[in-house]
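Working through the structure, step by step
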Amino acid sequence: MNRSRTWMRLIILGVIFVGISVALYNAFIKDTAAVQANELAPDFILKTLEDNQEFQLSKQAGKGIVLNFWGTWCAPCREEMPALEKMHQEFKDKGVEVIGVNIGESDVTVESFRDTYHISFPILMDRKREITQLYEIGPIPTTYFIDSDGVVKKIVIGGPMAEKTIKENITQILPQQ
Amino acid sequence: MNNVKCECGHANPVGTVLCEACGNPLLEEIKQGDSPLDMRYEGAARRSQTYNKSIIDKVWNFFSSVKIAVYMIVIVLVASIVGTIFPQEVYIPVPKPASIFYEETYGFIGKIYYLLGFHNLFSSWWYVLLLLMIGISLVVCSLDRMIPLYKALKKQKVKHSINFLTRQRLKAEVSVPAEWGSKLDQLQGFLKKRRYDVRREGDSLLAEKGRFSRWGPYINHIGLIIFLIGALMRLVPGYYLDQYVWVKDGETKKVPETPYYVKSEGFTIDFYEKEDLPEGAGLDNLQGVIKQYQTKAVLYENVNAGLPGSEPKLQEVARHDIIVNHPLKYNDLQLFQSGQRPKAIAALNMTLVNEKTGDKIGKFKIDLYNPQSEYKINDTTTIKMLEYYPDFEFTKDKKPTTKSPNPDNPAFVLNVISPQTPNGEKAWLFLGSYLPAPGTENIFGYEFSMPDLTNITGLMVRKDKSLPVIYFGCFISMLGLVMGFYWQHRRIWIQTERSLVYVAGHTNKNWFGLKNEVLDVFKKASIPVSLVEHGKDGKKVD
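Residues numbered from 1 in each chain as written. Chains lettered and ligands numbered in written order. Predicted model: local features only at pLDDT ≥ 70, side-chain atom pairs only at ≥ 80, totals over all residues. Heavy atoms only, no water.

Another aspect to go through is the interface of chain B and chain A. Accessible area lost on assembly of the parts is the figure often given for the size of an interface. Taken together, the 46 residues of chain B in the interface contact 34 residues of chain A. When chain B packs against chain A, close to 3600 Å² is buried across both sides, 69% of that on carbon and sulfur atoms. Together, I56, L132 and P308 of chain B form the three largest contributors to the area buried by chain B at its contact with chain A, with a combined 15%. One can count zero salt bridges joining chain B with chain A. Linking chain B with chain A are three residue pairs in polar contact (both at pLDDT 80 or more). Counting residues per element, the side of chain B that touches chain A draws most heavily on helix α6 (residues 125-154) of chain B, at eight residues. (Contact = heavy atoms within 4.5 Å. Buried area = accessible area lost by both parts, 1.4 Å probe. Salt bridge = Lys/Arg side-chain N within 4 Å of Asp/Glu carboxyl O. Polar contact = N/O pair within 3.5 Å; in protein donor to acceptor, adjacent residues only side chain to side chain. Helix = DSSP H or I, 4+ residues; strand = E, 2+ residues; numbered from the N terminus.)

In this section: the sheet that holds strand β20 (residues 433-436) of chain B. Residue and element names in this part refer to chain B. The strand order across the open sheet formed by five strands is β14-β15-β18-β19-β20, and the pairing between neighbours is antiparallel. Each edge of the sheet is formed by a strand with only one pairing partner; in this case those strands are β14 (374-376) and β20. Within the sheet, the average angular offset between the axes of one strand and its neighbour, ignoring direction, is 25°. (Pairing = 2+ DSSP bridges. Axes fitted to C-alpha atoms, helices over the stretch in contact; angles between N-to-C directions.)

We now examine the pattern of salt bridges. All names here are of chain B. Counted under the stated rule, the structure contains 26 salt bridges over all chains. Between K31 and E7 there is a salt bridge, and its shortest N-O distance comes to 3.4 Å. In this pair, K31 is assigned in helix α1 (residues 28-32) and E7 in the loop between β1 (4-5) and β2 (11-12), connecting sequence segments 24 residues apart. Classification of E7 as exposed rests on a relative accessible area of 62%. The structure contains a network of salt bridges with shared partners spanning R194, K209, R490, E517, D520 and K524. (Buried < 20%, exposed > 50% of the residue type's maximum accessible area, 1.4 Å probe, protein only.)

Before going further, it helps to examine the sheet that holds strand β7 (residues 252-254) of chain B. Residue and element names in this part refer to chain B. Strand order in the open sheet formed by four strands is β7-β8-β9-β10, with antiparallel pairing between adjacent strands. Across the chains shown, the open sheet's two edge strands, defined by having one partner strand only, are β7 and β10 (314-323). Pairs of neighbouring strands in the sheet enclose a mean axial angle of 25°, with direction left out of account. The sheet contact formed by β7 and strand β8 (residues 260-271) spans three bridges and is antiparallel. Considered in β8, the bridge of K253 is made with V262.

Okay, a nonpolar patch on the surface next. A cluster of nonpolar residues, F212, M478, L481, V482, F485, Y486 and W487 of chain B, forms a patch on the protein surface that exposes about 730 Å² of accessible area. Along the polypeptide, V482 of chain B turns up in helix α10 (residues 467-486). (Patch = residues over 30% accessible without salt bridge, like charges linked within 9 Å, V, L, I, M, F, W, Y side chains within 5 Å. Areas by Shrake-Rupley, 256 points an atom, 1.4 Å probe, with all protein chains shown as cover.)

For the rest of this paragraph, the subject is the packing of helix α4 (residues 66-82) of chain B against α6 of chain B. Residues and elements named next belong to chain B. Their axes nearest at 10 Å, the elements α4 and α6 cross at an angle of 150°. Of the possible angle classes, the one that applies to α4 and α6 is roughly antiparallel. Of the two elements, α4 crosses α6, and the hand of that crossing is left-handed. Every residue of α6 that contacts α4 at V66, A69, M72, I73, I75, V76, A79 and S80 is listed here: W126, Y127, L130, L131, M133, I134, S137, C141 and R145. Looking at the contact of α4 with α6, its residues break down into 14 nonpolar, two polar and one charged. (Parallel < 35°, antiparallel > 145°, perpendicular 65-115°, else oblique. Left-handed = near helix turned anticlockwise from the far one by under 90°. Nonpolar A, V, L, I, M, F, W, Y, C, P; charged D, E, K, R; others polar.)

Turning to unusual backbone geometry, a few remarks are in order. Cis geometry is found at the peptide bond from I140 of chain A to P141 of chain A, where omega equals 0°. Counting through the fold element by element, P141 of chain A comes out in the loop between α4 (130-134) and β6 (142-146). In this model, N325 of chain B sits at a positive phi of 70°, which is unusual for a non-glycine residue. Within the secondary structure, N325 of chain B is located in the loop between β10 and β11 (328-330). Even without glycine at this site, N510 of chain B takes up a positive phi of about 60°. Here N510 of chain B shows up in the loop between β24 (500-507) and α11 (511-524). N510 of chain B sits in the partly exposed class, given a relative accessible area of 36%.

All names here are of chain B. If you check helix α5 (residues 98-115), its first and last C-alpha atoms are just 10 Å apart, much less than what 18 residues at 1.5 Å a residue would give, namely 26 Å. Its axis deflected by about 150° at Y106, α5 carries its strongest bend there. By the burial criterion, the buried members of α5 are A98, F101, Y102, G110 and Y113. Those residues of α5 that are buried lie in contact with α4. Positive phi appears at G117, one or two residues downstream of α5, with a value of about 85°. (Expected span 1.5 Å × (residues − 1). Bend = angle between axes of the 7 residues up to and from the residue.)

What follows concerns the environment of R214 of chain B. All names here are of chain B. The topology assignment puts R214 in the loop between β5 (204-209) and α9 (216-233). Taking the C-alpha atoms as reference points, R214 and M483, 269 residues apart in sequence, are found 7.9 Å from one another. Excluding residues within four positions of it along the chain, R214 makes contact with Y41, E42, L149, L153, H489, R491 and N508. Side chain to side chain, R214 and H489 meet in a polar contact 2.9 Å long.

Residues and elements named next belong to chain B. Considering the arrangement of structural elements, one finds N349 in strand β12 (residues 333-354). A polar contact is formed between the side chain of N349 and the backbone oxygen of M450, at a distance of 2.7 Å. Excluding residues within four positions of it along the chain, N349 makes contact with F364, K365, E447, F448, S449, M450, P451 and D452.

Okay, structure coming up:
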């Protein structure tokens, strides 16, 4: 009698506890972000601004990618452009490339911006904001440091990033020589 | 653990207040008193009160306390209120870390707010833990009370101890009337007419009705639990979607987080005509009263959704004229009419003129959403668009920039290349005005014609598979409330002991109704009876 009562209570309490814990974990604690560190970056395909070429993320294997989501209206994006460009110049021959993803702006706007800021890294035009939605971009700039296997190593939300920050994160995604 | 034996010989489990068999109080001091008995849970042993030995029992005990449940609910309520005083971390309006933002914006109070974890309240460990404990408490409290109550009511007997009968809140003692047997039959008949279930044992009877109303609170709890499950179902991917999409006339746009695209074949606003308004109601001068917003919408499915960003291949799946409260529905997806930006400028209709001669050289159209980089005016003249700022403003260091990607205040830098200006002539173009490069004698000017206007419709995108569950939970919960509120559990005991008839009544609410019922039944059987009623506090009611 005594035994079975204790077991009964233990089972009831246990079932409720586990059930509600799982529910609450899903609700509040679990990180449901679409893109997470140490996981594969979602693949996508976009056209570049310069020559309308198709860029597919999964075809960049072997290269480290700094994927920077930005728009010309965003002040911190503008501020970090020179640092990104500098890092692109420094690391493009070492196997890490900076790729900008412009969020839904027109060619003319982005072209004049590119020329003003002397950007030489490729700019992808996310005209329908599909990739912005796919990556669940909130505040911009948001930057993903993706290694040569396509795994996200670091996510930086907000900015502007200092040159030092970019460099430190790039060293994490440098391909093994 | 030993059972407790009652005078009547029945062995009761520990913690029983009133004997399961005869209803006599088991505690000596209650037995000796004369105040009305506490009939809560029929005096049955509440499980949590019965044993209190192992840790499991103590945990069970803790969660079965309504008092503790109320405290927990109050704490959660107060914490939730505090959590809305300042914005939560995810809603911080400026890109600053929370550790700096709160102190900088709200001062010392902000710092405390941050340190106590209120900036991230709804996912903080203690808040989630409290919710968890309330959930457990809800179930344990119900189980702990419902099971003993159910058992006690199920096995109740007709005959009780005199002490039980004389200590009910409604009672009477009558000396046995003449022809008592047939009178009792009559009473039984009258009670049955009043929809009582009557059980008879010799000269005693127990009449009972509305027992199901005692289950009301527990059914209400079950409803709440179903409701909670429904609310939690929204977190399962694919069960719930709450998004928004703005679509221009004629534009096809992706519906966020779905493989669908939506096209607006035209957004219209209808106004009430003068004839629609009642005459003489003083509404004659009313203008611009909106009758209806409508979007002619077409829904497409992208059959090429495999690789995000690749060229969509669209297939029409649904078509509907969306008006307020009449959404486009397709499977679980619903698109509601929700916002409007009528008559937004979509394109500028421009004419290039020679300012010196006034000659019109040619027309061109600038699409504000997708301007061309070059406009050919004639064989010898082209205009190059060098810069475009959809929402023009200056940065702090006086450089042109755009405030947003929306064409709310468009500005352009145009360069006219013509035989007269082989190297180009630059000018700024704003809405309705232009500004030639300073210090130059400009040749070209611009004339503005009526711009192309477009209507932009705002569609709310909804998907909610949890809704049927939530409605079901609400229904069950309401059912429980109605059961508990609108019916009463009434019992009437009539028991004959030698020369005396003991009458007693109990109900969980509406004592007045029960009293009238007893009086009426006895009156019909023409047995004079003087009922004594005690209040909850044990005092006599006149």
